[in-house]
Each structure stands twice: as structure tokens, then as C-alpha cells.
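If you want the building blocks of each chain, they are given just below.
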Amino acid sequence: MAVKQAASTAQSVINPEGDWFGERRVAPEQKTELVLDVFHSVARKYDLMNDLMSAGYHRLWKDRLIRMIRPRKNWAYLDVAGGTGDIAFRLHEATDGKAPITVCDINASMLKVGEARAIDRGILHNLDWVEGNAEKLPFPDNSFDVYTIAFGLRNVTRIDNALKEAARVLKPGGRFFCLEFSHVDNPALKNAYALYSDKVIPKIGKMVAGDAESYQYLIESIRKFPRRNILLQRLKLAGFRAARVEKLSFGLVAVHEARK
Ligand SMILES: C[S@@+](CC[C@H](N)C(=O)[O-])C[C@H]1O[C@@H](n2cnc3c(N)ncnc32)[C@H](O)[C@@H]1O
């Protein structure tokens, strides 16, 4: 019994998010399945909901991420948890369609929407869509110059496995970028944001996507995501160096950047 307790304590220290689906305690394998269900359910309305929930701000945050990358045409890019392609399309545009970009996501429904959007935009070359788990990427070691993950890491069951995989697939000197919701420090703003998250977002989710529960999970998962300084430490533990973080919109969102 004592051993079992010790093991479970160790696991929650090493992998504090993996035991949670929003505010619900679940087994790690169950979390992966539940997250899959969420994104199967929201895929078709995902882009519209992003605009509504963030009042279009997600576009500015994604644009900022691309400026931080300063993309070059001769680099190879991997966008993990790339979903419906927002980051990949920006990278494609920033490199005049010359750079090879791979989108990898665990969810076939999200990828299907992304591929349809790419066809609508006339993007037929240099963009691959691959189904795969961030924790076990289906790519060889040292393959990419840039790894991005936008609003994806908080959905991954074992974040540290995903960070180690990021380090594995990057070339030496390659760069890691994580754009993710973070934590607002200012108490007044924090309260206003909590109110908006609890009262407004699930209602919009219900009205527009007919699915309050999935949006409830998305909000709860933001609260469970590691603090900025903790994520910096975990990047170092995964083998990255020169880890730094930039806060956007008063800390509502942050970009963590690091180098292999
Ligand atoms: C909030 S969406 C973000 C999509 C896109 N990056 C964006 O910024 O619009 C989160 C994505 O993470 C994907 N995801 C969740 N867990 C994953 C995992 N373990 N491996 C790869 N993708 C995952 C989901 O399927 C979903 O497409």
C-alpha cells in the first residue's frame, strides 16, 4: 500500500497534468481518449469558435509566433498538434511556399478540416498532414529545424514525453516554440478572465457548436497547464538549452522558446 501511494505521488509530481481531464481525475490513457473525443466533436466548428472565443485575438498571437520564428525558406518545419493548419498556413506564406512543412496531429477529424482548408487556399505542395501523437512522433531523429506547437501542449497527456520527442526530432541547434494559454498575474484581470471563462465560453460553445462540455474542458485544461517558470524548467530537463518565455496579452498567452 505504502509503495503504491509513493508511486502515485511520484507520478503526480512527474506528470501532474496527465491525471486530469479538466477538473476530473482520470487515468492517463483515458485522458488521451477523452481529448480525442473533444476534438472530434469540435473539429468542424473549431475555427469559427476560435474567432468567437478570443475575439479574433488568436490570429494576433499566431502572427506573433511567426515573427518570433523569423522563418527561412531553407528550413524544415514541424507543427505538432497542428489541427486545422493555422500555423502551417502562416509558415507557408512566410516562406513563399518554398519550405517543407509537416503538420502532425493525433486527431483525424481536425486534419481533415485542415486539408480541406489547404485545398481551398490552393496549397498543394510542401505541406504534409500526418496523424500522430506528440508523445511518440512518427519521424526520425534530427529531422526538423523548427518545431512548433500552438494551443496543443496542454492537451497532451504526458507533457514531458512530448518535450523529449520534440528534442529528438529537432536537428542540433533546431528551435522549439510553444504558443499556449498561460496565467494572468494581475488580480483584477485574472478575476475578469475567470468570469468570462466560466460564464461566457461554455455558453458560446453550446450556442454555436452545440457542445458546452468540450469548451468547459478547454477552459479547465488552461488552468491545469504548468506555470511559465515550471515549463521553462521542464524544457531544460527534456534536453533543451537557452529556454526563454515571452508573455502576450498580460500573460493570458505565452510563447516558450528553446534550442536543441
Ligand atoms: C486547440 S487545438 C490547436 C490547433 C492548432 N494548433 C491551432 O493553434 O489552431 C489542439 C490540437 O491538439 C491536438 N492534440 C491533442 N493531443 C495531441 C497529441 N497527444 N498529439 C498530437 N496532437 C494532439 C488536438 O487533436 C487538436 O487538434
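Worth saying up front: this structure is predicted, and the values here are computed from it rather than measured.

Let us now look at the nonpolar core. A general feature of soluble globular proteins is that nonpolar side chains tend to end up buried together. Counting residues in hydrophobic clusters, the biggest one holds 50 residues, and the most contacted among them are Phe39, Trp61, Ile69, Tyr77, Leu127, Leu179 and Val253. Aside from chain neighbours lying at most four places away, what touches Phe39 is Tyr46, Asn107, Met110, Asn155 and Leu218.

What follows is about the sheet that holds strand 8 (residues 241-248). Pairing is mixed in the open sheet, where 7 strands are placed in the order 5-4-3-6-7-9-8. At either margin of the open sheet sits one strand with a lone partner, and together these are strand 5 (127-131) and strand 8. Taken over all neighbouring pairs, the strand axes of this sheet differ in orientation by 15° on average, direction set aside. Pairing of strand 4 (residues 101-105) with strand 5, which is carried by 5 bridges, proceeds in the parallel orientation. The residue of strand 5 that forms the bridge with Cys104 is Val130. Helix-sheet contacts for helix 4 (residues 57-69) involve strand 3 (77-80), strand 6 (144-150), strand 7 (170-181), strand 8 and strand 9 (253-259), and the interaxial angle to strand 7 is about 160°. The sheet strands contacting helix 7 (residues 159-169) are strand 3, strand 6 and strand 7, and the helix crosses strand 7 at an angle near 145°.

A few words on helix 8 (residues 187-209). Taking 1.5 Å of rise per residue, 23 residues should cover 33 Å, and helix 8 covers 31 Å from first to last C-alpha, within 8% of that figure. Here the buried face of helix 8 lies against helix 3 (46-54) and helix 9 (212-224). The N-cap residue of helix 8 is Asn186: its side-chain oxygen and the backbone nitrogen of Ala188 are 2.9 Å apart. Positive phi shows up at Gly210, right after helix 8, with a value of about 65°.

Attention now moves to the pattern of salt bridges. Evaluation of the coordinates by the stated rule reveals 20 salt bridges. Between Arg158 and Glu29 there is a salt bridge, with the nearest N and O atoms lying 3.5 Å from each other. Residue Arg158 is found in the loop between strand 6 and helix 7, and its partner Glu29 is found in helix 2 (residues 28-42); the two are separated by 129 residues along the sequence. Note on Glu29: relative accessible area 51%, which makes it exposed. The salt bridge partner of Arg158 is Glu135, with a shortest N-O separation of 3.1 Å. With Arg158 in the loop between strand 6 and helix 7 and Glu135 in the loop between strand 5 and strand 6, the pair connects residues that are 23 residues apart, well separated along the chain. Note on Arg158: relative accessible area 27%, which makes it partly exposed. With a relative accessible area of 13%, Glu135 lands in the buried category. Connected through shared salt-bridge partners, Arg64, Arg175, Arg244, Glu246 and Glu257 make up one network.

Conventions and cut-offs
- Residues numbered from 1 in each chain as written.
- Predicted model: local features only at pLDDT ≥ 70, side-chain atom pairs only at ≥ 80, totals over all residues.
- Heavy atoms only, no water.
- Core = buried A, V, L, I, M, F, W, Y, C linked by side-chain atoms within 4.5 Å.
- Buried < 20%, exposed > 50% of the residue type's maximum accessible area, 1.4 Å probe, protein only.
- Contact = heavy atoms within 4.5 Å.
- Pairing = 2+ DSSP bridges.
- Helix = DSSP H or I, 4+ residues; strand = E, 2+ residues; numbered from the N terminus.
- Axes fitted to C-alpha atoms, helices over the stretch in contact; angles between N-to-C directions.
- Expected span 1.5 Å × (residues − 1).
- Polar contact = N/O pair within 3.5 Å; in protein donor to acceptor, adjacent residues only side chain to side chain.
- Salt bridge = Lys/Arg side-chain N within 4 Å of Asp/Glu carboxyl O.

This is a description of form; function is not addressed.
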